[in-house]
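Analysis of the macromolecular model
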Amino acid sequence: MPLVLATDAQKAQRDTVTHAAWGSPLSVAQYQEREARLRAHPWCREGMNTWLWVADDGAVLASCETFHTDSFLRGADGTFTQGDSYAIASVFTEDHLRGRGHATRLMDGVAAELERVAPRPHSVVLFSDVGAPLYRRSGYVDVPAWDWHLDASEVPEGRPVDGGLQETDVAAALARMQRPQAPFYLWPSAAQVDWHLERERVYAELLARPRPQTCGAVVGDSTALWSMVARYGDLVVLMLDARDAADAAALLTEARRVAHRAGLQRVVWWEEPATAPLVAGVPGAVRVQRDGSLPMLRPLRAGLPPALEVPFPRALWV
Ligand SMILES: CC(C)(COP(=O)(O)OP(=O)(O)OC[C@H]1O[C@@H](n2cnc3c(N)ncnc32)[C@H](O)[C@@H]1OP(=O)(O)O)[C@@H](O)C(=O)NCCC(=O)NCCS
């Protein structure tokens, strides 16, 4: 079979070619350091694989990565069963090999393999930067994606939050969050959220820039988690559990302040249907169609609800 798991040496070799797609503004050496650090992170050690689609002579034709994520499916009796979902990232074919179906065959092969090996198969998700058609061929269904942008600003007015969150608070923050009222959802572990913070740490070091003072905040029963995407000057809201419009406003206003103090330009929240009406009333929040990172879902079993009913918080992005 031409689908194989990459060895450590093959992963490192792949980094030198994928730098062209995802390396900027890092040098090749910095990008290799980023990749090595991320692969050494506990979330990746638990459930990350690099897949290669290889020719008969062993030459690599295309590659991608998969990350394990817990997911929950509501049964007929209303209770949720935990299962295995996977996020696909870094689908890559070298320039001179493109347009010959290698990425499509890789995507088909990986999904078939996950169907076979997943102990409790649920789904595969990806966040496409090349539109939907390529991945639709392999059974993925795209979901319209909207973002809310807020300028980073000191914002003197508004109700203060009850407190900011630090890295050591992530597990407790996730535990206090209300799970989505959806028939199927993916839910990040504390390690998965910390992987976003590891990206933040890596970029802060490599680009020699300050990190945000907090990685989230709480107000009343509401909670937000966020991280810096230094390359774009964004503070991205990874998870938002706002119980009412006033709490949404307090949390996002705090995010604007934290972003401003870290020298970032804006706060970005990935719209989720249940929370959108609350964010719509937040002063300064502007809704825009997302450019890239289009969520797409492929079931690994029968009986999953349509992709449109699945929430995709930014924490699930890989
Ligand atoms: C996207 C990519 C993996 C496709 O690899 P490939 O082996 O050429 O893929 P396939 O031959 O199976 O399919 C090619 C199709 O993808 C489409 N595609 C490739 N790049 C695209 C882009 N930037 N935007 C839209 N469609 C794109 C091609 O138009 C082609 O469609 P067609 O067959 O209808 O003409 C490759 O172009 C690549 O590595 N790009 C840089 C990294 C990247 O952007 N990866 C995707 C991240 S989500």
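Note that the structure is a prediction, hence the values are computed from the model and not measured.

1. Digging into the site of the ligand
The environment of the ligand is made up of 18 residues, and the closest members are Val 91, Gly 99, Gly 101, Thr 104 and Arg 137. Taking Thr 93, its side chain carries an N or O atom lying 2.8 Å from an oxygen atom of the ligand. For the ligand, an oxygen atom lies 3.4 Å from a polar atom in the side chain of Arg 98. Protein burial of the ligand: of its 880 Å² of free accessible surface, 63% is covered by the chains. For the shell around the ligand, the secondary structure elements donating two or more residues are α1 (8–22), β4 (80–92), α4 (102–117) and α5 (133–136). Sorting elements by how many residues they give to the shell around the ligand places α4 first, with three residues. Considered class by class, the residues forming the shell around the ligand number eight nonpolar, six polar and four charged.

2. Quick notes on helix α7 (residues 190–206)
Over its 17 residues, α7 extends 24 Å from the first C-alpha to the last, a length consistent with the 24 Å expected when each residue adds 1.5 Å. With 15 of its 17 residues buried, α7 lies for the most part within the structure. One or two steps after α7, the chain reaches Ala 208, where phi turns positive at roughly 50 degrees.

3. Digging into the domain arrangement of the protein
The accessible area lost on association of the parts is a frequent measure of interface size. Taken as a whole, the protein is organised into domain 1 (3–144 + 292–316) and domain 2 (146–289). Of note, the centres of domain 1 and domain 2, computed from C-alpha atoms alone, are 25 Å apart. At the junction of the two partners, domain 1 supplies 39 residues and domain 2 supplies 32 residues. In total, domain 1 and domain 2 occlude about 3,500 Å² of area from one another, counting both sides; carbon and sulfur atoms represent 66% of this. If you sort the residues of domain 1 by the area they bury against domain 2, Arg 37, Arg 314 and Ala 315 come out on top, with a joint share of 21%. Viewed at the interface, domain 2 and domain 1 are joined by two salt bridges. The partner of Glu 205 in a salt bridge is Arg 37, and the shortest N-O contact between them spans 2.9 Å. Put simply, domain 1 and domain 2 have twelve residue pairs in polar contact (both at pLDDT 80 or more) between them.

Rules used throughout
- Residues numbered from 1 in each chain as written.
- Predicted model: local features only at pLDDT ≥ 70, side-chain atom pairs only at ≥ 80, totals over all residues.
- Heavy atoms only, no water.
- Near = heavy atom within 4 Å.
- Polar contact = N/O pair within 3.5 Å; in protein donor to acceptor, adjacent residues only side chain to side chain.
- Areas by Shrake-Rupley, 256 points an atom, 1.4 Å probe, with all protein chains shown as cover.
- Helix = DSSP H or I, 4+ residues; strand = E, 2+ residues; numbered from the N terminus.
- Nonpolar A, V, L, I, M, F, W, Y, C, P; charged D, E, K, R; others polar.
- Expected span 1.5 Å × (residues − 1).
- Buried < 20%, exposed > 50% of the residue type's maximum accessible area, 1.4 Å probe, protein only.
- Domains from an automatic or database assignment.
- Contact = heavy atoms within 4.5 Å.
- Buried area = accessible area lost by both parts, 1.4 Å probe.
- Salt bridge = Lys/Arg side-chain N within 4 Å of Asp/Glu carboxyl O.

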